[in-house]
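Here are the chains, one letter per residue:
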Amino acid sequence: VIHDGGGASHRALGLIDIALWDITGKAAGLPLYRMLGDARDRIPSYASTNTLDDTAAYLDLVAELIEKGFRAIKFHCWCDYAYDRPMVEAVAKRYGGAGVRFMLDTEQRYSRAEAMRMARLLEECDYEWFEAPLPDEDLDGYRELREKTRVPILPAGNMIVDPPLIEHALRLGAWSAVRVSAARAGGISQALKAIALADAHGVPAELQSWGFTLIQATNLHLMLAHPHCNYFEQPYPYEAHDFAADHVIRTDSDGLVRLPDAPGLAIGMDWQAVEAKTLLTFEVS
């Protein structure tokens, strides 16, 4: 078990673990998803938005994303119920029949009462899920939301990442899906345990992919390898996450993402570009 208190952090160990899996895939001459399960070679994605200035900007963005081929969109919002509710209602009024699935992420910032009111609204609007309504540690609050509404309830996936704690949350019935990122949970090895727990409890594993291309690719390999991961998280706008990658991940006109048929993580880096932006280095011997 990896612990944050003392010793190496989840993220530090995750970097090493991911690098070792990349080396293993390259030695075998296989993309990691083919080594890990090879369930498919493409998966639906959702656009994961920034927080925008106002409701009109969200309405315009939805039109833009539909034009680009997205069939699902997750809103990062102001995390203030008084502002978020009119935006959700406006999107539902304009795009409720457009055949697009929507999600909402409130970054663990709602009270229980606000979360319940929003969950009931999202249920009426037939949302795919409600993400991070409460602090991850409030498992009783998550369980209450699941018991009293029908919209799927997901955690942020930032704090409860150790397998025994994930198992505890699932036994309580707190979540509708497991949510972790390999980069935050301690690497691919730990993420595989989280996916196995999701499978054992009959719920999806909806992995985070917010971050630079290598983080996106790491989690995408896991999703392609396992049939119960339903959506890839595509950060949008793209460009802020593309730095120094020799291949960038894009959602196609059918709302799907793929990876190159190359070994390991299947993503190379322009290390000269990285070095040019480096402020400080450490040498360990």
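Structure first, text after, so check above.
Residues numbered from 1 in each chain as written. Predicted model: local features only at pLDDT ≥ 70, side-chain atom pairs only at ≥ 80, totals over all residues. Heavy atoms only, no water.

### Some words on the side chain of Ser209
Right, on to step 1. Mapped onto the elements, Ser209 comes out in the loop between helix 9 (188-200) and helix 10 (213-225).
Right, on to step 2. Overall, Ser209 belongs to the buried group, its relative accessible area being 0%.
Right, on to step 3. Apart from the residues within four sequence positions on either side, Ser209 is in contact with Gln216, Asn219, Met223, Phe232, Glu233 and Pro235. (Helix = DSSP H or I, 4+ residues; strand = E, 2+ residues; numbered from the N terminus. Buried < 20%, exposed > 50% of the residue type's maximum accessible area, 1.4 Å probe, protein only. Contact = heavy atoms within 4.5 Å.)

### Quick word on the pairing of strand 6 (residues 232-235)
Right, on to step 1. On strand 6, burial covers both faces: Phe232 and Gln234 on one face and Glu233 and Pro235 on the other are all buried.
Right, on to step 2. Of the pairings in the sheet, the one linking strand 1 (residues 42-48) to strand 6 comprises 4 bridges and is parallel in character. When the sheet's bridge partners are listed, Tyr46 is paired in strand 6 with Glu233. (Pairing = 2+ DSSP bridges.)

### With respect to the nonpolar core
Right, on to step 1. In terms of nonpolar packing, the biggest core is built from 76 residues, with Phe75, Leu104, Phe130 and Trp175 touching the most fellow members.
Right, on to step 2. With near-sequence residues (within four places) excluded, Leu104 lies in contact with Lys74, Phe75, Cys77, Met87, Val88, Met118, Leu122, Tyr127, Trp129, Phe130 and Glu131. (Core = buried A, V, L, I, M, F, W, Y, C linked by side-chain atoms within 4.5 Å.)

### Observations regarding helix 4 (residues 81-95)
Right, on to step 1. With 15 residues, helix 4 ought to run about 21 Å at 1.5 Å a step, and its terminal C-alpha atoms sit 21 Å apart, in line with that.
Right, on to step 2. Along helix 4, the residues that are buried comprise Tyr81, Asp84, Met87, Val88, Val91 and Tyr95. Across the axial projection of helix 4, the buried residues extend over an arc of 130°, all falling on one side. Turned more than 90 degrees off the buried face of helix 4, the exposed positions are Ala82, Lys93 and Arg94. (Expected span 1.5 Å × (residues − 1). Arc of directions from axis to C-beta.)

### A look at the packing of helix 5 (residues 112-124) against helix 6 (residues 139-148)
Right, on to step 1. Helix 6 packs onto helix 5 with a crossing angle of 30° between their chain directions and a minimal axis gap of 10 Å. Here helix 6 runs roughly parallel to helix 5, going by the angle between their axes. Considering only the axes of helix 5 and helix 6, their crossing is right-handed. Residue-level contacts link Arg112, Ala115, Met116, Ala119 and Arg120 of helix 5 to Asp140, Gly141, Glu144, Leu145 and Lys148 of helix 6.
Right, on to step 2. Looking at the contact of helix 5 with helix 6, its residues break down into 4 nonpolar, 1 polar and 5 charged. (Axes fitted to C-alpha atoms, helices over the stretch in contact; angles between N-to-C directions. Parallel < 35°, antiparallel > 145°, perpendicular 65-115°, else oblique. Left-handed = near helix turned anticlockwise from the far one by under 90°. Nonpolar A, V, L, I, M, F, W, Y, C, P; charged D, E, K, R; others polar.)

### Description of helix 3 (residues 55-68)
Structurally, the α-helix is built with 3.6 residues per turn, so residues lying three or four positions apart point the same way.
Right, on to step 1. Helix length check: helix 3, at 14 residues, gives a terminal C-alpha distance of 20 Å against a target of 20 Å (1.5 Å per residue), a fit within 8%.
Right, on to step 2. Taken residue by residue, helix 3 has Tyr58, Leu59, Leu61, Val62 and Leu65 as its buried positions. For helix 3, the angular spread of the buried residues around the axis is 165°, confining them to a single face. Among the exposed residues of helix 3, those pointing more than 90 degrees away from its buried face are Asp60 and Glu67.
Right, on to step 3. Each element contacted by the buried residues of helix 3 is listed here: strand 1, strand 2 (72-76), helix 4 and strand 3 (101-105).
Right, on to step 4. One or two positions beyond helix 3, positive phi appears at Gly69, with a value near 110°.

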